[in-house]
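What follows is the residue order along each chain.
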Amino acid sequence: MSEGVKIESSWKEKLQDEFEKKYFIELTAFIREEYKTKVIYPPGKDIFNAFDSCPFDKVRVVIIGQDPYHGPGQANGLCFSVNDGIPQPPSLKNIFKEIESDLGVTPPKSGNLERWAKQGVLLLNATLTVQANTPGSHQKKGWEQFTDAVIQKLSDEKEHLVFILWGAYAQKKGAIINTKKHHVLQSAHPSPFSAHSGFFGNKHFSKTNDYLKSQGFKEIVW
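This is a predicted model, so every value here is computed, not measured.

### As for the pattern of salt bridges
Here's step 1: On inspection of all chains with the given rule, the structure shows 8 salt bridges.
Here's step 2: Glu-26 is paired through a salt bridge with Lys-22; the nearest N and O atoms lie 2.7 Å apart. Here the residue Glu-26 and the residue Lys-22 both occupy positions in helix α3 (residues 22–37), the gap between them amounting to 4 residues, near one helical turn.
Here's step 3: What makes Glu-26 partly exposed here is its relative accessible area of 44%.

Here it is as structure tokens:
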């Protein structure tokens, strides 16, 4: 079964055991059937885009999201990111607002965050697929177990990563991170419902770069 998983080679090697587990084989069967019978996002080729855009050895920062966007053309396999030419969703607009206030960087027109991924930012949703217009529809099918394994692997095998956890869901998911080896930043979620409760002013982008610099790594161009 694992032969059928198309994912960047360093991740494929790291996660090989996971792909062979019963839950993942069941998850794969469920997802295949969903793609055949319903409209599912992101497109199949982009399910593992977060990994394909950011090989294991290149990861320096991890941002944890929850579900892919569920509107047409939005989800591209990177959390909070949308394809070029797609209007920026409210959470993403708020992320760019915070970057502007933190670093003085004018928000870009495109909400495609692939440019971050290429610099070593793993943009990881907890659930990697969703049914059109049905948020949360692929939760509790096995994706969360898989992405927990990814976080565990990063925490165990790497050092001096920055984990960015926005909102209670991401913070709960990040509870397994070894904080002695890694730098964890937490705040409210950038959603319009919570951004004013501690997301705005969190300065996570400058704090990330300060930490990377202190460890001798290149800063992220946000």
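That was the structure; now back to the text.
### Looking at the side chain of Ser-10
Here's step 1: Following the sequence through the fold, Ser-10 ends up in helix α1 (residues 9–14).
Here's step 2: Among the polar contacts made by the side chain of Ser-10, one reaches the side chain of Glu-8 at a distance of 2.4 Å.
Here's step 3: Excluding residues that lie within four positions of it along the chain, Ser-10 makes contacts with Pro-55 and Phe-56.

### Structural notes on the environment of Glu-18
Here's step 1: With respect to the secondary-structure elements, Glu-18 resides in helix α2 (residues 16–19).
Here's step 2: Between the alpha carbons of Glu-18 and Phe-146 there is a distance of 7.1 Å; along the sequence they are 128 residues apart.
Here's step 3: Other than its neighbours up to four places away in sequence, Glu-18 contacts Tyr-23, Phe-24, Gln-145, Phe-146 and Ala-149.

Calculation criteria
Residues numbered from 1 in each chain as written. Predicted model: local features only at pLDDT ≥ 70, side-chain atom pairs only at ≥ 80, totals over all residues. Heavy atoms only, no water. Salt bridge = Lys/Arg side-chain N within 4 Å of Asp/Glu carboxyl O. Helix = DSSP H or I, 4+ residues; strand = E, 2+ residues; numbered from the N terminus. Buried < 20%, exposed > 50% of the residue type's maximum accessible area, 1.4 Å probe, protein only. Polar contact = N/O pair within 3.5 Å; in protein donor to acceptor, adjacent residues only side chain to side chain. Contact = heavy atoms within 4.5 Å.

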